[in-house]
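# Close look at the chain arrangement
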Amino acid sequence: MATEAFEELAETFEFLDDWEDRYRHVIDMGKAFPPLDEAVKVPATKVDGCASQVWILPRIEGQGPEAQFDFEGESDAMIVRGLIAVLHALYAGLSVKDVGAVDASAELARLGLNDHLSAQRSNGLRAMVERIRKTAQEAATV
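Everything in this summary refers to the structure shown in the same document. Fair warning: this is a prediction, and the values are worked out from it, not measured in the lab.

Scanning the protein chain from N- to C-terminus turns up 6 helices and 2 strands. Sequence-ordered secondary structure for the protein chain, helices as α and strands as β, is α-α-β-β-α-α-α-α. Relative to the globule expectation of 14 Å for 142 residues, the C-alpha radius of gyration of the protein chain, 14 Å, shows essentially globular dimensions. For the protein chain, the spread of C-alpha atoms along the principal axes amounts to about 45 × 30 × 25 Å.

As structure tokens, then:
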């Protein structure tokens, strides 16, 4: 299960044969992703387990399992900011119950990211996915 935005991203990645081009595309996505307001860069929104500074601010509209999931995010590292934009394409607009049904590893593997990220970046990406899933799961039970 993936959003239309993520399917479009996967198609774009199919055209980008070279990993360098894909890497640049992820960085460009990060540059285009809106920055977070400094006021919300607090310990509650900070994601632990990332080598760089990462903040994710969930935006959930509605109540219960059908509530719509969205988030804002930012990092002090350009590639990580791009990864946040990739995760946004993967999850934004899904219901909170559907967020948990997404196989993030499989979807991200379609982009070839797993093969080219350092161990630290991969761990950070997993930490971001975990935070998103946990937030959605908690919202689904409200």
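Our next topic: the environment of V142. Inspection of the secondary structure assignment puts V142 in the segment after α6 (119–140). Here the alpha-carbon distance between V142 and D70, two residues 72 residues apart in the chain, equals 16 Å.

Turning our attention to the nonpolar core. Core analysis: the largest hydrophobic core is formed by 44 residues, its most contacted members being V86, L87, Y91, L111, L113 and M128. Not counting the four nearest positions on each side in its chain, L113 is found in contact with F13, W19, V26, L83, V86 and L108.

Turning to the side chain of K41, a few remarks are in order. When you line up the elements, K41 lands in the loop between α2 (19–32) and β1 (54–61). A polar contact is formed between the side chain of K41 and the side chain of E38, at a distance of 3.0 Å. Reaching out from K41, the side chain makes a polar contact with the side chain of E74 at a distance of 3.3 Å. The contacts of K41, once residues within four sequence positions are left out, are L36, W55 and E74.

Taken as a whole and assessed by the stated rule, the structure comprises 10 salt bridges. Between E38 and K41 there is a salt bridge, with the nearest N and O atoms lying 3.0 Å from each other. Through salt bridges with shared partners, one network takes in E38, K41, E74 and R81.

Moving on, we come to the packing of helix α1 (residues 4–15) against α2. The contact between α1 and α2 brings their axes to 10 Å, and the two run at 145°. On the side of α1, the interface is formed by L9, T12, F13 and E14, while α2 contributes R22, H25, V26 and M29. Across the contact of α1 with α2, the residue classes tally to 4 nonpolar, 2 polar and 2 charged.

A word on helix α3 (residues 78–91). Between its first and last C-alpha, α3 extends 20 Å over 14 residues, near the 20 Å set by a 1.5 Å rise per residue. Extensive coverage of α3 is indicated by the burial of 12 of its 14 residues. Listed as buried for α3 are I79, V80, R81, G82, L83, I84, A85, V86, L87, A89, L90 and Y91. Downstream of α3 by one or two residues, G93 has phi in the positive range, about 95°.

Considering the arrangement of structural elements, one finds V40 in the loop between α2 and β1. Taking the C-alpha atoms as reference points, V40 and T12, 28 residues apart in sequence, are found 32 Å from one another.

Cut-offs applied
Residues numbered from 1 in each chain as written. Predicted model: local features only at pLDDT ≥ 70, side-chain atom pairs only at ≥ 80, totals over all residues. Heavy atoms only, no water. Helix = DSSP H or I, 4+ residues; strand = E, 2+ residues; numbered from the N terminus. Rg over C-alpha atoms; globule rule 2.2 N^0.38 Å. Core = buried A, V, L, I, M, F, W, Y, C linked by side-chain atoms within 4.5 Å. Buried < 20%, exposed > 50% of the residue type's maximum accessible area, 1.4 Å probe, protein only. Contact = heavy atoms within 4.5 Å. Polar contact = N/O pair within 3.5 Å; in protein donor to acceptor, adjacent residues only side chain to side chain. Salt bridge = Lys/Arg side-chain N within 4 Å of Asp/Glu carboxyl O. Axes fitted to C-alpha atoms, helices over the stretch in contact; angles between N-to-C directions. Nonpolar A, V, L, I, M, F, W, Y, C, P; charged D, E, K, R; others polar. Expected span 1.5 Å × (residues − 1).

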